[in-house]
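Now for the letters of each chain:
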Amino acid sequence: MIKAVFFDYGGVLGGQAITPSYEEFIRRGKKIQPHRYKELLIDKRVLIGPEGTLEKVLHLDFPDLGVTAEEIIALSRELPRYEDMWKLAKELKDSGIRLGIISDQIAESTKIIREQNHLDEIFEPELTFFSPETGLTKRSRAIFLKSREVAGCYEGEAALVDDYVGNTDLATSAGLIGILHVNYQSTRNNFVNYGLLKNA
């Protein structure tokens, strides 16, 4: 029986994901290469470092990226959150499921997410893990083991909803149930199949 569900932020709850932000920069006429942009935003130094790390790493290792740290941070303020997924999270909470977040974000985006959303209205503060605050990223089983431990869950009693299969696979190896997020309906169907929600 699943007792706690952890959501990824960028690709599941909000717009601070690599692909939407890259596509928005392209729409605005920026000439950036997607693989280089992704390399920067998944760089461990950027994900666990304090504010200012993004600018330093970009200057040192990605000077030809075609976009500045200031522009990346500014865009993270503009991208909308996915309201249907927030409603789904609220539905889970109302059914008695404990909710948390496991997200790889740069320090500046983490600050923006906390400023723009009342996370503790839906997600338990002790179950909310952002990489700059924990020093851990989703490339390691450690963050999934830690999240399950803090939630007090045995294997199979916690789940991760994430849009990247590498993360759901790693979470599964750490004793969580991995739910690959494709869209609102597919994820809701998964919750119904696990007995957490009823059919709409």
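Among the residues of helix H5 (residues 53-61), Thr53, Leu54, Val57 and Leu58 are the ones counted as buried. Viewed along the axis of H5, the buried residues span an arc of 125 degrees, placing them on a single side of the element. Exposed positions of H5 whose direction lies more than 90 degrees from the buried face are Lys56, His59 and Leu60. Contacts made by the buried residues of H5 are with helix H3 (34-41), helix H4 (44-48) and helix H6 (69-78).

So, on to the environment of Leu99. Relative to the elements of secondary structure, Leu99 occurs in strand S2 (residues 98-103). Judged by its relative accessible area of 1%, Leu99 falls in the buried class. Distance in space between the C-alpha atoms of Leu99 and Asn199 is 20 Å, their sequence separation being 100 residues. If near-sequence neighbours (up to four positions away) are discounted, Leu99 is found in contact with Val5, Phe7, Ala89, Leu92, Lys93, Ile122, Phe123, Glu124 and Leu127.

Once that is clear, we can look at the nonpolar core. Inside soluble globular proteins, nonpolar side chains tend to come together where they are buried. Ranked by internal contacts, the top residues of the largest apolar core, which has 27 residues, are Val5, Phe7, Leu13, Leu92, Leu99, Phe123 and Phe191. Elements with a minimum of two residues in this core: strand S1 (4-7), helix H1 (9-13), helix H7 (83-94), S2, strand S4 (158-162), strand S5 (177-180) and helix H12 (184-193). In terms of residue count, H7 provides more of this core than any other element does, 5 residues in total. By size, the runner-up hydrophobic cluster in this structure holds 18 residues, among which are Tyr37, Leu41, Leu54 and Ala69.

The rules we used
Residues numbered from 1 in each chain as written. Predicted model: local features only at pLDDT ≥ 70, side-chain atom pairs only at ≥ 80, totals over all residues. Heavy atoms only, no water. Buried < 20%, exposed > 50% of the residue type's maximum accessible area, 1.4 Å probe, protein only. Helix = DSSP H or I, 4+ residues; strand = E, 2+ residues; numbered from the N terminus. Arc of directions from axis to C-beta. Contact = heavy atoms within 4.5 Å. Core = buried A, V, L, I, M, F, W, Y, C linked by side-chain atoms within 4.5 Å.

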